[in-house]
Amino acid sequence: MAIANGAQQALYYKAETAYGVQPDAADPYTWTPFPFTGTSLALTKDAIESEKLRGDRQIEDFRHGNKSIGGDITSELEYGAFDDILSAVMCNDWAGNVLKTGTTRKSFLVERRFLDLATPEYHRYSGCEFNSLALSVSPNAMVTATWTVVGKDLALATTAITNSQYNPDVGEVPFDSFTGSITEGGTSIATVTSIELTIENGLEPLFAVGSTTTNRPSIGKSRVTGSLTTYFENKSLYEKFINETESEIVLVLKDIDNNQYTIDLPNIKYNSGQPDVSGEGPITVAMDFVALYKGGSDVSNIVITRVTA
């Protein structure tokens, strides 16, 4: 009996032209690879249980309720491989090599392939939108990304869609924490121990009578939050929290080929920060922040710029 192995699973996506509708057949039917290290993307269902009291303590009926598609896809961030997905998270199109927060929603058909089974299986998740992205940069590690998905429905198949063509991986290497840089308030910081950054879209499924699948989810504000942890050297960063001083964080990620993403948060405010002591070692300060609207030439709470080597 063949058992599916994670090392042989592949994940692909294709943009939808209408929410939750499988894109029209084409020749070729081109899929884009989604590099990943793990996923919990799955179908779940609400449970509906009869409350009827029978006198014999038995449950008379149980039904499946609303269906939800959701879960996380974890990846090592690499140049060029996630530009479509970054665009979906930011709800905007790239303007040349610059991406800002917008209002243009994008949905995808996502396919998980299990080709090492005795009979290959294809799990296709329709109406997939990206509710959030969590980036993590820490010393001696690859830069990791967690993409949270909200979708509409699942279809199972044992054959590929007619004329399917699966594009190869872009071939770039992951970003690491050694090669980039961080500036805060225009000044380079060499004592950062980690930076966490989350973009959230507030997607909420909308269910109605007569259907077990969601209408297109509602969407909330773009919320960009994060945490900057540094070794405690002086009061200058801490004072920005105390005095509610606006600042800016610019994170530059470079790969070994010098391809680059610059992530600019042009207007942030710190909402916590304290030099905690947990032992005799170095003291660190964890500064939580929120990114706000910035007018002028930026007009975005976050600006991503890509530079090809």
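Bear in mind that the values here come from a model prediction, so they are computed numbers and not experimental data.

Draft legend 1. Fine view of the overall build of the protein. Scanning the protein from N- to C-terminus turns up two helices and 22 strands. On the principal axes, the C-alpha backbone points of the protein span a range of 65 × 60 × 45 Å. In the protein, which comprises 309 residues, the proportion classed as buried is 40%. Across the protein, every contact between residues at least 6 apart in sequence was considered, and the portion connecting residues at least 24 apart equals 68%. Of the accessible surface of the protein, which amounts to about 15900 Å², a share of 49% is contributed by carbon and sulfur atoms.

Draft legend 2. A look at the nonpolar core. In terms of nonpolar packing, the biggest core is built from 53 residues, with Phe34, Phe130, Trp147, Ile249, Leu265, Ile302 and Ile304 touching the most fellow members. Apart from residues lying up to four places away in sequence, Ile302 is in contact with Met90, Leu99, Lys100, Thr101, Leu197, Ile199, Val224, Ile263, Asp264, Leu265 and Pro266. Listed in part, the six residues of the second largest apolar core include Ala10, Tyr29, Trp31 and Ile161.

Draft legend 3. View of the confidence of the model for the protein. With 91% of its residues at a pLDDT of at least 70, the protein reaches an overall mean of 87. Mean pLDDT in the protein bottoms out at strand 20 (residues 274–276), which sits at 67, and peaks at helix 1 (residues 83–90), which reaches 97.

Cut-offs used in this document
- All residue numbers refer to position in the chain's written sequence, counted from 1.
- Reporting in this predicted model follows two pLDDT cut-offs: at least 70 for local features of residues, and 80 or more for side-chain atom pairs to be given and counted; totals over whole chains, interfaces and linings ignore these cut-offs and use all residues.
- Computation of side-chain values covers all heavy atoms of the structure but excludes hydrogens and water.
- Numbered from the N terminus, helices here are DSSP runs of H or I no shorter than four residues, and strands are runs of E no shorter than two.
- The buried label goes to any residue with under 20% of its type's maximum accessible area, the exposed label to any with over 50%, and the partly exposed label to all in between, with areas taken from a 1.4 Å probe on protein chains only.
- Contacts are residue-level and defined by heavy atoms, with any inter-residue pair within 4.5 Å sufficient.
- Shrake-Rupley sampling with a 1.4 Å probe provides the accessible areas, and residues are treated as covered by the protein chains on show and by no other component.
- In this description, a nonpolar core means a group of buried Ala, Val, Leu, Ile, Met, Phe, Trp, Tyr and Cys residues linked to one another through side-chain atoms lying within 4.5 Å.
- On a range of 0 to 100, pLDDT expresses the predictor's confidence in each residue.

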